[in-house]
Amino acid sequence: MSSERRHRGRAVPARAGLDVRRLLALPLLGLLVAGCGIRSTEVPTDFGPAPSRVRCSLSEPDAATRASQGLAVQVFLLCGSSLVAVDRVLRVPDGTADSARRVLVAQGLLDQLAETPSAAEREAGYQTYVRGGMTVSGPRAKDPEDTLRLSTPPTELSASALAQVVCTFSDSAAAEGDGSVILGGPTTTPLRRYDCTDEVRSQPGGRQPASSEVTGG
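Structure report, in brief.

**With respect to the sheet that holds strand S4 (residues 136-137)**
Inference 1: The strand order S4-S5-S6-S7-S8 describes an open sheet built from five strands, whose pairing is mixed. In this open sheet, the two strands that pair with only one neighbour each are S4 and strand S8 (211-213).
Inference 2: Bridge count between strand S7 (residues 192-195) and S8: three bridges; the pairing is antiparallel. Each residue of the ladder has a partner; that of Arg 193, found in S8, is Ser 212.
Inference 3: Packed on one face of the sheet, helix H6 (residues 159-170) meets strand S5 (147-150), strand S6 (180-184) and S7 and runs near 125 degrees to S6.

**Let's talk about the state of the cysteines**
Inference 1: Under the counting rule described, the total for this entry stands at two disulfides.
Inference 2: With a sulfur-sulfur separation of 2.1 Å, Cys 56 is cross-linked through a disulfide to Cys 79. Taking the torsion about the S-S bond as the criterion, the Cys 56 to Cys 79 disulfide, at about -100 degrees, is left-handed. Of the two residues, Cys 56 is situated in the loop between helix H2 (14-35) and helix H3 (63-69) and Cys 79 in strand S1 (residues 71-79); the sequence distance between them amounts to 23 residues.
Inference 3: A relative accessible area of 29% means that Cys 56 is categorised as partly exposed.
Inference 4: Cys 79 sits in the buried class, given a relative accessible area of 4%.
Inference 5: Across the protein chain, the way the bonded cysteines pair up, counted in sequence order, is 1-2, 3-4.

**So, the sheet that holds S1**
Inference 1: In spatial order, the strands read S2-S1-S3; together these three strands make up an open sheet with antiparallel pairing. Here the strands that pair on one side only, and so sit at the sheet edges, are strand S2 (82-90) and strand S3 (126-127).
Inference 2: Sheet topology note: the S1/S3 ladder contains two bridges and is antiparallel. What sits directly across from Cys 79, in S3, is Tyr 126.
Inference 3: Strands S1 and S2 of the sheet are contacted by helix H4 (residues 98-114), whose axis makes an angle of about 40 degrees with S1.
Inference 4: Across the face of the sheet, H6 comes into contact with S1, S2 and S3 while running at roughly 155 degrees to S1.

Scoring rules and cut-offs
- Residues numbered from 1 in each chain as written.
- Predicted model: local features only at pLDDT ≥ 70, side-chain atom pairs only at ≥ 80, totals over all residues.
- Heavy atoms only, no water.
- Pairing = 2+ DSSP bridges.
- Helix = DSSP H or I, 4+ residues; strand = E, 2+ residues; numbered from the N terminus.
- Contact = heavy atoms within 4.5 Å.
- Axes fitted to C-alpha atoms, helices over the stretch in contact; angles between N-to-C directions.
- Disulfide = S-S within 2.5 Å.
- Buried < 20%, exposed > 50% of the residue type's maximum accessible area, 1.4 Å probe, protein only.

Bear in mind that shape data such as this cannot, by itself, settle questions of function.
What follows is the structure, given as structure tokens:
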């Protein structure tokens, strides 16, 4: 009986004490690792730098400032796969007759379309397919009064460029404001009325804008 008590009360071996200390040290090691900034996660947290500008989004200029600079207009540029209206300013002399004013506005719009988009516009994804050097004139003797004749036949323009011209003209003082515009070339080729439809705006490069032949003045 006394022998059993002595056996139970004897000191724990040194190796057993070492194992106990190791077990007690594990939680402390975990805390130290966490304190070093090592964090486990199942969801990636590095998404890279934020984009500098939202695609097809531009800051709008102050309306009062644009009005003081001249006639506030809009031109249609391509962004992604669609046509998007962008603000511009034209200078048209006061007192210009309506017929001459229409041609001046059309030429100004054409020049704006042919300009390379600004750095901010290019960064946002805007581009144009209208080439420089093209001019526009008014109607001939037997043409409808709202006819606009381009120095390059409309049929020779790319689908995207013609879509830009049609939608820009039809949405401006250069046309009658019904969503269409009568265009012709420098020759006697029949005039055509082009429509700026939702399809043209959403898919300008698919095919040339819908049109119908104009038969009389």
